[in-house]
Amino acid sequence: MFKELKIIKQHGKQFVPDLTAVELTPLFRGRPVISSLPDNKEIERVVRFCPTRAILPEPFGIDLGKCVFCKECQFMLPDKIVFTNDYKIATNDRKRLVVQGGVDKTIELNPDLVRREIRKYFKNSLKLRQISAAGDNSCEMELNASGNVNFDMGRYGIEFVASPRHADGIVITGPISENMAEATQICYDATPDPKIIILVGTDAISGGIFEGSQAVNRSFLDKYPVDLYVPGNPAHPLTFINGILSMLGKKK
Amino acid sequence: MNEKNYIEILNNGSPVLLKNIPVLNYPDFYNLLKEMLSDPDSHCVAYYAFPVENMLKFICCIANDKTSGIAVLSHEQKNHEIALLSLTSEIFAMHVYEREIHENFGVQFRNHPWLKPIRYPSDRFYKGNVMNNYPFYQIESEELHEVGVGPVHAGVIEPGHFRFICNGEKVLHLEIQLGYQHRGIEKLMIQKNDPFQRMILSESIAGDSVIAHGLAHTGLIESLAEHNVSERLQIERNIALELERIAIHIGDTAALCMDVAYQLGQVVNEALRTTIINTTQLWCGNRFGKGLIRPGGSNYPSTDDFIKSMLSTLEETLRRYEDITDRIYSLPSVLSRFDGIGILTQGQAKLTGAVGMAARITGIARDIRKSHPFQYFRQHPVEPVTQISGDVLARGMLRNLEARQSIGLIKQWTKKLNEAEESNKKPDYNYKLQPESFAISLTEGWRGEVCHSAVTGKNGNIIHYKIKDPSFHNWMALALAVRNQEISDFPVCNKSFNLSYCGNDL
């Protein structure tokens, strides 16, 4: 018993007291800022190099729904593009994921797009069913970490549950493979109404590096509105938790 | 053995010209493989087929632990649908390779006991094979019942389907159907035909083995481009690989504790894992090391400040990890759930061709870091850690010992890092690959041996790319280990192996 007491003492308090005010390490690759517009030649170079065609030439911008956060564009144009450690990049408005040149503005939720029932029913208790649809297991591990002893999203009543029958919505990771398309649909259908859909990670939002693969079938996403996009490769637990808190209207 | 029947690669990674790989007729190919694989120090690291012109070319690579050599031999076949004699009936470990060739190209293997789908690739030969009609093994009996689990599981994990045949609470047989995670990575490797996109794809094969797969890919590309990297960079890559191993082993210790409801063990290890992956994040901005491994150089050379911070984190982690694991592995309530549960015998490990941890828990001292060293392991091979009991306890203990060993290794290497010359070489994506060649690159990730191999065409473009994750072999080992166990022990057995779904499905 004394050994366990020693371990508990060493363990101390591990939870992050305020999940909305954490400062991540300087090198963390979060929201990029385009301080000044590159010239045409430079634009051509980075657009061609970007592995997922996340850089839009006209008007110049970076689509975080497609970006794999490799930071190569910053290495090419270090005085024009900088990836900051701002991890609050989740939003419910797909258009807002595009970072425009010359604008250093945080990515925010679009309150007009939040469905009324979300805040009415789920504000104090949100149970989610996770579907890994060909995710590479990094986003899955970060979602697990969201509930661990450090991030402890359970404090807000947000939790992953074992069955879609017990869930208020689904969280999809991965580009949705053809082989997982039917199971994704069945899982969604088994979730009672009203229900939400959250896409976590670049692969889920746009297909990422797997866009265009014959083995991917994203038709499920054509049928339903998405309530939250959580970019990242993988998405950081803080990105996920802060995104949900904004969606639920729980953030100060 | 006749020397001219195969070509031997002496260094893990060195390319050979395609035309120098002997092409044997099938009976000779078959007999030579049978003879080579009867040596207990040899195992097959790659066996696959790919179309060239109007032929199907089979390439097989046999690695020998003692000589560090990799023997490569090949066979060509005009008629895809011809029935070949199955090697599996002689050497069961070959079953997955033959199943894969059958699934991709329709090649029949006579006397193969189990020609079932591996991953349902989008360009599979038999389009009628779909996820819903997998031919599960069945037993007609009024006393037995079946339990189906998945593809969507209770936890936040990847999809796969487990079909148990149970006698009461006991598992008679488990069959695992995979393929849900298939993203067509091998095909994309060719289609994308862009060096940097291939690098990003390699990092996305399995998110828990970013460094292991990233290194296998860069090792392959650098050898085909005849590009040597500095000793300093090799040491940094080794450190990254061992950080990945430490993080997963500690995280899995937490998961094992969770499955047997030992909450202190779970939360303490979760917190320790966080400190390790945050160290990787401090280094490169990503908790899983995405972006850290690049061909020819690095965007994140290690700084003195980082090394200092990493060493102090490792020191603290080691101390606390020792305290908690000493407690875990002496608690009767934990041991009774680990000890003697889910035993994989050495015989079964050999039979299934188990690699990595799954082999080492049965006393097989097989580790690519020693037998076919890569990167800085060439100067500093690692002595494999083994266990003999093959149960959940052995898998937990192996993690414990390997994590401690890796922390020690990193400490030693950082001293070398100070002596090594500074190198700030940036990554190079404009490499020219040696044309009409074959190369194979092996690394030892935390799960086991990772194998990437490629064939180049006339202009040095990659015409075929093959990836193999250790899970490819080890899923069958898990299925055997849970026989005669209580079905309620399945979660802890599964967790103790922690195999990759996406690594198998690609």
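Residues numbered from 1 in each chain as written. Chains lettered and ligands numbered in written order. Predicted model: local features only at pLDDT ≥ 70, side-chain atom pairs only at ≥ 80, totals over all residues. Heavy atoms only, no water.

### Let's talk about the pairing of strand β6 (residues 126-132) of chain A
Across a regular strand the side chains alternate sides, sitting on one face of the sheet and then on the other. All names here are of chain A. Among the seven residues in β6, six count as buried, and that is most of the element. Judged from the three bridges that link them, β6 and strand β7 (residues 158-160) form a sheet pairing that is parallel. In the sheet register, Leu126 faces β7, and the bridge partner there is Ile158. Handedness of the β6-helix α5 (residues 138-146)-β7 crossover: right-handed. (Buried < 20%, exposed > 50% of the residue type's maximum accessible area, 1.4 Å probe, protein only. Helix = DSSP H or I, 4+ residues; strand = E, 2+ residues; numbered from the N terminus. Pairing = 2+ DSSP bridges. Right-handed = clockwise from strand over helix to strand, strands pointing away.)

### What about the packing of aromatic side chains?
Summed over the entire model, instances satisfying the criterion amount to 28 aromatic pairs over all chains. With a centroid separation of 6.0 Å and an interplanar angle of 75°, the aromatic rings of Phe75 of chain A and Tyr300 of chain B are classed as edge-to-face. Placement of the pair is Phe75 of chain A in helix α3 (residues 72-76) and Tyr300 of chain B in the loop between α7 (263-284) and α8 (304-328), with the two residues belonging to separate chains. An aromatic cluster of three or more residues is present, and its members are Tyr26, Phe29, Tyr30, Tyr47, Phe58, Tyr97 and Phe472 of chain B. One cation-aromatic arrangement involves Lys195 of chain A over Tyr188 of chain A; the distance from NZ or CZ to the ring centre is 4.1 Å. (Phe/Tyr/Trp six-rings, centres within 6.5 Å; stacked < 30°, edge-to-face > 60°. Lys NZ or Arg CZ within 6 Å of the ring centre and 35° of its normal.)

### Focus: the interface of chain B and chain A
On the side of chain A, 61 residues touch chain B, which itself brings 63 residues to the contact. A combined buried area of about 5,100 Å² lies between chain B and chain A, and 55% of that area is made up of carbon and sulfur atoms. Inspection of the chain B/chain A interface yields five salt bridges. With its nearest N and O atoms 3.2 Å apart, the salt bridge here joins Asp323 of chain B to Lys6 of chain A. If you look at where chain B meets chain A, you find 34 residue pairs in polar contact (both at pLDDT 80 or more). Within the residue set of the side of chain B that touches chain A, elements represented by two or more residues are α3 (185-192), α4 (195-203), α7 and α8 of chain B. Per-element accounting of the side of chain B that touches chain A gives the leading share, eleven residues, to α7 of chain B. (Contact = heavy atoms within 4.5 Å. Buried area = accessible area lost by both parts, 1.4 Å probe. Salt bridge = Lys/Arg side-chain N within 4 Å of Asp/Glu carboxyl O. Polar contact = N/O pair within 3.5 Å; in protein donor to acceptor, adjacent residues only side chain to side chain.)

### A look at the nonpolar core
Residues and elements named next belong to chain B. Cys61, Leu174, Ile239, Phe338, Phe438, Ile440 and Leu478 are the most contacted members of the largest nonpolar core, which totals 140 residues. Looking at this core, the element that brings in the most residues is helix α6 (residues 231-259), giving eleven residues. Not counting residues up to four positions away in its chain, the partners in contact with Leu174 are Phe162, Arg163, Phe164, Ala479, Val482 and Phe490. (Core = buried A, V, L, I, M, F, W, Y, C linked by side-chain atoms within 4.5 Å.)

### Some points on unusual backbone geometry
Residue and element names in this part refer to chain A. Cis geometry is found at the peptide bond from Asp193 to Pro194, where omega equals -10°. Going from Asn233 to Pro234, the amide bond is cis rather than trans, its omega being -5°. For Pro234, the position within the fold is in the loop between β10 (228-230) and α9 (237-248). In the Ramachandran plot, Lys71 falls in the positive-phi region, its phi being about 70° despite a non-glycine side chain. Counting through the fold element by element, Lys71 comes out in the loop between β3 (61-63) and α3.

### What to know about the domain arrangement of chain B
In many analyses, interface size is given as the accessible surface area lost on bringing the parts together. Residues and elements named next belong to chain B. On domain assignment, one finds that chain B holds domain 1 (3-113) and domain 2 (185-505). Placing a centre on the C-alpha atoms of domain 1 and another on those of domain 2 gives a separation of 26 Å. Glu100 is the salt-bridge partner of Lys466, the closest N and O atoms lying 3.0 Å from each other. Our count for the domain 1 to domain 2 interface comes out at 19 residue pairs in polar contact (both at pLDDT 80 or more). When residues of the side of domain 1 that touches domain 2 are traced back to their parent elements, those giving at least two are β2 (16-17), β4 (42-52), β5 (55-64), β6 (70-77) and α2 (95-105). Tallying contributions element by element places β4 first for the side of domain 1 that touches domain 2, with seven residues. Class assignment of the residues belonging to the side of domain 1 that touches domain 2 gives a composition of 21 nonpolar, nine polar and four charged. (Domains from an automatic or database assignment. Nonpolar A, V, L, I, M, F, W, Y, C, P; charged D, E, K, R; others polar.)

### Side note on the sheet that holds strand β9 (residues 144-149) of chain B
Within a beta sheet, neighbouring strands are joined by backbone hydrogen bonds and run either parallel or antiparallel to one another. Residue and element names in this part refer to chain B. Sheet architecture is open: three strands sit in the order β9-β10-β11, paired in antiparallel fashion. Each of the sheet's edge strands pairs with one partner strand only, and the pair in question is β9 and β11 (170-177). Strand-to-strand twist of the sheet, defined as the mean angle between neighbouring strand axes without regard to direction, takes the value 20°. Here six bridges tie β9 to strand β10 (residues 161-167), and the two strands are oriented antiparallel to one another. (Axes fitted to C-alpha atoms, helices over the stretch in contact; angles between N-to-C directions.)

### Quick look at the environment of Ser132 of chain A
On the secondary structure map, Ser132 of chain A appears in strand β6. Residue classification places Ser132 of chain A among the buried residues on the basis of a relative accessible area of 3%. It is 9.9 Å that separates the C-alpha atoms of Ser132 of chain A and Val200 of chain A, two residues lying 68 residues apart in sequence. Leave out the neighbours within four places in its chain, and Ser132 of chain A touches Glu140, Thr173 and Met180 of chain A together with Ile157, Glu158, Pro159 and Gln181 of chain B. A distance of 2.6 Å separates polar atoms of two side chains, one belonging to Ser132 of chain A and the other to Glu140 of chain A.

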